[in-house]
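Now for the letters of each chain:
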Amino acid sequence: MNIVQDPTEGSLLLADLIGAARRVVFFTGAGVSTESGIPDFRGPNGLWTKIQPIYFDEFVASEDARLEDWRRRFKFKKQVGTAEPNAAHRAIAKLVAGGKVTAVITQNIDGLHQRAGVPSEHLIEIHGNATRAACLECDAHHELDEVEAEIARTGLSPVCRACGGLVKAAVISFGQAMPVRAMMRAEHAIERADLFVSVGSSLQVQPAASLPMAAKYQGARLVIVNGEATPLDGIADHVLRGSIGKVFSAI
Ligand code: NAD
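Note that the structure is a prediction, hence the values are computed from the model and not measured.

Criteria and thresholds
- Counting of residues starts from 1 at the beginning of each chain's written sequence and follows it residue by residue.
- For this predicted model, a pLDDT threshold of at least 70 governs which residues receive local features, and a threshold of 80 or more governs which side-chain atom pairs are given and counted, while totals over whole chains, interfaces and linings are taken from all residues.
- Note: side-chain values were computed over all heavy atoms of the structure, leaving out hydrogens and water.
- The numbering of helices and of strands both runs from the N terminus, where a helix is a DSSP run of H or I of at least 4 residues and a strand a run of E of at least 2.
- Here's how the labels work: a residue is buried when its accessible area is under 20% of the maximum for its type, exposed when over 50%, partly exposed in between, all with a 1.4 Å probe on protein chains only.
- This count recognises Lys and Arg as positive and Asp and Glu as negative, with His and chain-terminal groups excluded.
- Between Lys or Arg on one side and Asp or Glu on the other, a salt bridge is scored when a side-chain nitrogen of the former is within 4 Å of a carboxyl oxygen of the latter.
- Here a polar contact is recorded for every N or O atom pair within 3.5 Å, except that within protein the pair must consist of a potential hydrogen donor and a potential acceptor, and residues adjacent in sequence are included only if both atoms are side-chain atoms.
- Only heavy atoms matter for contacts: two residues are in contact if any of them lie within 4.5 Å across the pair.
- Two strands are said to pair when DSSP picks up at least two bridges between them.
- Lines are fitted to the C-alpha atoms to define the axes, a helix being fitted only along its stretch in contact, and any angle between axes, read from their N-to-C directions, falls within 0 to 180 degrees.
- With strands facing away from the observer, any crossover in which the path from the first strand over the helix to the second runs clockwise is taken as right-handed.
- Put simply, a residue is near a molecule or strand once any heavy atom of it comes within 4 Å of that molecule or strand.
- When residues are grouped by polarity, Ala, Val, Leu, Ile, Met, Phe, Trp, Tyr, Cys and Pro land in nonpolar, Asp, Glu, Lys and Arg in charged, and all others, Gly among them, in polar.

Asker: Sorry, what's going on with the side chain of lysine 168 here?
Answerer: Here lysine 168 is to be found in strand S7 (residues 167–171). Although buried, lysine 168 forms no salt bridge, and the nearest oppositely charged side chain, aspartate 69, lies 5.5 Å from it. Within the local environment of lysine 168, its side chain forms a polar contact with the backbone oxygen of valine 171, the two atoms lying 2.8 Å apart. Those residues in contact with lysine 168 that sit more than four places away from it in its chain are Phe56, Phe59, Trp70, Ala133, Ala134, Leu136, Ser173 and Gln176.

Asker: Looking at this structure, I do not really get the sheet that holds strand S6 (residues 141–142). What am I missing?
Answerer: Strand order across the open sheet formed by three strands is S6-S5-S7, with antiparallel pairing between neighbours. On the outer flanks of this sheet lie S6 and S7, each paired with one strand and no other. Where strand S5 (residues 128–135) meets S7, four bridges bridge the pair, whose relative direction is antiparallel. Residue pairing in the sheet places alanine 134 in a bridge with lysine 168 of S7. Across the face of the sheet, helix H3 (residues 63–82) comes into contact with S5 and S7 while running at roughly 45 degrees to S7. Running at roughly 65 degrees to S5, helix H6 (residues 144–154) makes contact with S5, S6 and S7 of the sheet.

Asker: Looking at this structure, how should I read the sheet that holds strand S2 (residues 24–28)?
Answerer: To summarise the sheet geometry, strands pair through backbone hydrogen bonds and adopt either a parallel or an antiparallel arrangement. Spatially, seven strands are ordered S1-S10-S9-S8-S2-S3-S4 in an open sheet, and the strand pairing comes out parallel. Across the chains shown, the open sheet's two edge strands, defined by having one partner strand only, are strand S1 (2–4) and strand S4 (123–125). Pairs of neighbouring strands in the sheet enclose a mean axial angle of 15 degrees, with direction left out of account. Here S1 runs beside strand S10 (residues 238–240); their pairing, made up of three bridges, is parallel. Each bridged residue has a counterpart across the sheet, and for isoleucine 3 the counterpart in S10 is valine 239. Lying on the sheet, helix H1 (residues 7–20) is in contact with S1, S2, strand S8 (195–199), strand S9 (221–225) and S10; it crosses S10 at an angle near 135 degrees. Those strands touched by helix H7 (residues 180–192) are S2, strand S3 (101–106), S4 and S8, and its axis lies near 135 degrees from that of S4.

Asker: Just to check I follow, could you spell out the pairing of S8 for this structure?
Answerer: Consecutive side chains of a regular strand alternate in pointing toward one face of the sheet and then the other. Burial within S8 is extensive, with five of its five residues counted as buried. Burial of the side chains of S8 extends over both faces: Leu195, Val197 and Val199 are buried on one face and Phe196 and Ser198 on the other. Where S2 meets S8, five bridges bridge the pair, whose relative direction is parallel. Across the sheet, residue valine 25 finds its bridge partner in S8, namely phenylalanine 196. In terms of strand pairing, S8 meets S9 through five bridges, oriented parallel. From the neighbouring strand, phenylalanine 196 faces S9, where its bridge partner is leucine 222. Crossover connection from S8 via helix H8 (residues 210–217) to parallel S9: handedness right-handed.

Asker: What am I meant to see in the site of the ligand here?
Answerer: In the vicinity of the ligand, 29 residues are found, and the nearest of them are Glu35, Gln107, His127, Ser201 and Ser202. In this structure, an oxygen atom belonging to the ligand sits 2.9 Å away from a side-chain N or O atom of asparagine 226. Classifying every residue of the shell around the ligand gives nine nonpolar, 15 polar and five charged.

Below you can see the structure in the form of structure tokens.
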């Protein structure tokens, strides 16, 4: 493992590795979006230093948990509404446009990769997208603004107009099954990758964090770009520390 502390040096190294690779996969986490003003979960100022997660089972079982979940979603919606893609989102989008990046697998639910220009055929959202809502039974789409207005009017969490099922933000909560199609797309991209770059993830959330490991054991070089140590640093070829914005602004 080679640890690079200086962001400029890290940036040059990453550019060289991408230049030499044939099929690059990016894997991104909440740390990519902190410089856009969206807090992460486990960083030094992360959300889990202030609140507890709501598990899927709690959401299904308890009206109070659902209403609290929606309050958090509407707060997140406001944050995302005022956030703009940053240097890292833009650099990744440019690299995708350049043709070498076959997939951007993201744990993020903020839609900033799309807004930076990563096309949907290259983007794999393994934890869903918080800018949408869907019925847990029939998957019918529900507009977040309408859900917000309905809760303000009734004081109750919404049910699906089509089938009566519970409506939930279209994200994967703790304890909820992973989306099969997105995971299959991710695994397919990883099988063919020769460079896998994890950016802004604490690599503590499973099964997402198993993807860098799978890439490494299937022969890809593994690069981890993150401000603090991760449990997978030991198997990475290169670990680039420091601000993600600084590393990517020079790419
Ligand atoms: P995480 O919060 O567990 O880890 C983020 C990591 O990024 C931390 O190690 C932190 O030190 C690092 N980091 C933060 N800002 C950085 C910066 N500017 N430069 C360098 N490093 C920086 O996030 P995760 O691994 O993505 O997993 C947590 C879950 O959080 C995911 O499931 C995701 O869905 C969810 N989440 C998403 C968002 C979002 O969409 N923006 C925000 C919060 C949480």
